[in-house]
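Architecture and fold: a report
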Amino acid sequence: MANYKTLLFATDFSEGAEKAVDHARTLALLTGARLHLLHIITELSDKRRKRVPADVIDTFIREVTRHAHEDMQSFCDQHFADAQAQGFELTHNVITGTGYEDIIDEAISIKADLIIMGTHGRTGIEKVLVGSTAERVVRNSTIPVLTVRT
């Protein structure tokens, strides 16, 4: 069996992430590995930034960031309130980025042994246009990836 010391769980707080969180928790419990949660706030494109006054964008970004941190704390409270008592360390990070590359970069930065994520976050036309973040992580990561279907 692989010797897991650090696991990265990428979450967008979607139904797919809700399904995958049990797998991340179980692996952390079984291995005693540190579990690091990551949420990425999608950056606004330059095209969108040009259409809106800078002060409005700054306020919007502050609010989105505040809500993302609150969502992360709620997610941790809901799923990992007893992590330390169960024998594993829990850390988390909220960053602004564009998606799969940021997940891989974070995994490399924290020296993750495994990336865990759900396969279904975005839906509908957004998925067709943007593609699957999980698929891109699997294709481009040098670190093993565990994906969990919804």
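Only a predicted model underlies this, so the values are computations on that prediction, with no experimental measurement involved.

Conventions adopted
Residues numbered from 1 in each chain as written. Predicted model: local features only at pLDDT ≥ 70, side-chain atom pairs only at ≥ 80, totals over all residues. Heavy atoms only, no water. Pairing = 2+ DSSP bridges. Helix = DSSP H or I, 4+ residues; strand = E, 2+ residues; numbered from the N terminus. Axes fitted to C-alpha atoms, helices over the stretch in contact; angles between N-to-C directions. Salt bridge = Lys/Arg side-chain N within 4 Å of Asp/Glu carboxyl O. Buried < 20%, exposed > 50% of the residue type's maximum accessible area, 1.4 Å probe, protein only.

**Observations regarding the sheet that holds strand β2 (residues 34–42)**
The sheet built from five strands is open, its strands ordered β3-β2-β1-β4-β5 with parallel pairing. Pairing within the sheet leaves two strands with one partner each, and these edge strands are β3 (90–97) and β5 (145–148). Across this sheet, the average inter-strand angle for adjacent strands is 20 degrees, counted without regard to direction. As paired elements, strand β1 (residues 6–10) and β2 share five bridges and run parallel to each other. Its bridge partner lying in β2, Phe9 is registered against Leu37.

**Focus on the pattern of salt bridges**
A full pass over the atoms with the stated rule returns four salt bridges. Residues Glu70 and Arg66 are paired through a salt bridge, measuring 2.7 Å at the closest nitrogen-oxygen approach. Here Glu70 and its partner Arg66 are both found in helix α3 (residues 54–80), four residues apart, which amounts to about one turn of the helix. Among the ionic pairs, Arg139 bridges to Glu135, the shortest N-O distance being 2.7 Å. Taken together, the positions of Arg139 and Glu135, both in helix α7 (residues 133–140) and four residues apart, correspond to about one turn of that helix. Residue classification places Arg139 among the exposed positions, given a relative accessible area of 55%. If you follow the salt bridges from partner to partner, you end up with Glu63, Arg66 and Glu70 in one network.

The values are spatial; any link to function lies outside them.
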